[in-house]
Amino acid sequence: MIRLHPKTVLEEVKYEPQDFPKYTFLLTPFTELPKLEGNNEYFIDVIGRVTALSDATQFTTTNGDIRMKRLIHLMDLRGNKIEISLWGPRAGEFLGDQILQAGEKNHIIAIFVGTSVKSYGGSPPFLSGTAACRWYINLSEIHEINAFYASIGEQQQPIEKLYIQTTNEMQGKIEQKTLLQMKSVDPFDDVNKRFECTMTITRIADNEPWCYQGCTKCTTSVKHERNSYVCKNGHVSSQMIHRYKISLYGTDGTYELEFMVFDERGTLLVGKTADKLLIHNSKSEIPPEIGAIVGEKMTVVVKVSPGKSINKKGPNRDNKDPTFDILNIKKRHGKDLLSCTLKNEEAAAPLATNAISQLQKLPPLVPIQPKTQETKVSQLESTSPNDLQLMEIDQISPFHDFSPSRKRDFNATDDSDLKKHMTLNSSQCLPKE
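Residues numbered from 1 in each chain as written. Predicted model: local features only at pLDDT ≥ 70, side-chain atom pairs only at ≥ 80, totals over all residues. Heavy atoms only, no water.

The phi angle at arginine 226 is positive, at roughly 55 degrees, despite the residue not being glycine. Note that arginine 226 resides in the loop between strand 11 (222-225) and strand 12 (228-231). A relative accessible area of 81% places arginine 226 in the exposed class. Despite not being glycine, aspartate 263 shows a phi value in the positive range, around 45 degrees. Its place among the elements puts aspartate 263 in helix 6 (residues 263-270). Its relative accessible area of 17% is what places aspartate 263 among the buried residues. (Helix = DSSP H or I, 4+ residues; strand = E, 2+ residues; numbered from the N terminus. Buried < 20%, exposed > 50% of the residue type's maximum accessible area, 1.4 Å probe, protein only.)

Here we come to the nonpolar core. Ranked by size, the top nonpolar core spans 30 residues in total, and within it Met182, Met199, Ile246, Leu248, Phe259, Phe324 and Ile326 carry the most contacts. Looking at this core, the elements with two or more residues in it are helix 5 (179-182), strand 9 (194-204), strand 14 (241-251), strand 15 (256-262), helix 6, helix 7 (274-277), strand 16 (296-304) and strand 17 (323-335). Per-element accounting of this core gives the leading share, five residues, to strand 9. In contact with phenylalanine 324, not counting residues within four places along its chain, are Met182, Val185, Phe195, Leu257, Glu258, Phe259, Met260, Val302, Lys303, Val304 and Ser305. Membership of the second largest hydrophobic core comes to 23 residues, among which are Leu53, Leu74, Ile82 and Leu86. (Core = buried A, V, L, I, M, F, W, Y, C linked by side-chain atoms within 4.5 Å. Contact = heavy atoms within 4.5 Å.)

A word on the pairing of strand 16. Burial within strand 16 is extensive, with seven of its nine residues counted as buried. Pairing geometry for strand 16 and strand 17, over nine bridges, is antiparallel. Paired with valine 304 across the strands is phenylalanine 324, a residue of strand 17. (Pairing = 2+ DSSP bridges.)

A few words now on the packing of aromatic side chains. Following the criterion strictly, the structure yields eight aromatic pairs and no others. A ring pair is formed by phenylalanine 259 and phenylalanine 324, whose centres lie 6.1 Å apart and whose planes are at 35 degrees; its orientation type is tilted. Of this pair, phenylalanine 259 sits in strand 15 while phenylalanine 324 sits in strand 17, and the two are 65 residues apart along the sequence. Just as phenylalanine 259 is buried, phenylalanine 324 falls in that class too. Aromatic rings pair up to connect Tyr23, Phe25 and Tyr136 into one cluster. Its end group placed over the ring of tyrosine 249, arginine 203 keeps NZ or CZ at 3.9 Å from the ring centre. (Phe/Tyr/Trp six-rings, centres within 6.5 Å; stacked < 30°, edge-to-face > 60°. Lys NZ or Arg CZ within 6 Å of the ring centre and 35° of its normal.)

Distances and angles like these do not, on their own, reveal function.
As structure tokens, this is what we get:
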């Protein structure tokens, strides 16, 4: 990895040096990989025997993006295993079928360069290979591959075929529900289910902070201890990053529920990062950029949030409705300002009953009739000639082709020429005495 800054100087080398390496890497032992999770300073290179791989499959990420993905399992000389996820074009470029066939009778030794260590939702760490990732497979000209091959012996096992859920299969497991139906979702029994709904944002919760101090290596919150920030997963860093945690309410006309928007989904929805909003706003006040999303209609994929659903705080502590985390914003339909703010079904019925009882106590409304054609004619007859002339200024006149132009003439060089041009056109429109 090369980092460039304003004082970096690039110089073209016209003649390739004789000692310029064809392959370059710095191998990292599998046992050291967990310590490098979230490291962005340099890429990770590893060597191992391919023990399993999948086809390149369309996969829906947690952000809702559909990308090509391929899984590969590597084993080192001590029996330690690591999973590699190849993404995008790299997933398709890897010759999976050829390697599966060759792996039936031969060892497949591979060096992967340009990867990074990732972990999601408490899962074991894995290697992610994107645009910078390359691989060298069974190349006898590389000393490290020969040394690895000589150390494992001749005993060989066929490569296992892995399976990835396709986007269509994952979509088939997502239940489409109304918000009134989602009200009955159990925070414990339905924690692994995914739901799709279309709702309009009605309000932003103003009794909760809209961001938090997050870890730079994962998405959990951090605490400041001495001169470092420590997260719940044990990551220690000298820096932290502010991440979104927006509590909003939405309705589809059947019910109103609370939704949480975190991190990247918040940036996508608001259009700015949390750190940028904090430049001119405080955590205790809702920034205008966040308030502007009220009224927006969107289709989302969500999951129930057990902790948020059970541990209600502040004014919402008596609210027994489940809270949902937005996993994916599938579609944004634009503003839907006509949508009503519906809190819940139980509160709506007493409101209507009270309104009818109050109506019976009020005096009758005074009807306001629209103006008739006769009323308009009588108003015109009572209008003075001077008023009529003022009213007709913007009407189309018989001299429409010579009416004053409000565009600057291309030949006009300054404001005085423009005034002369406008005066001339105006004089042509005046009737002769």
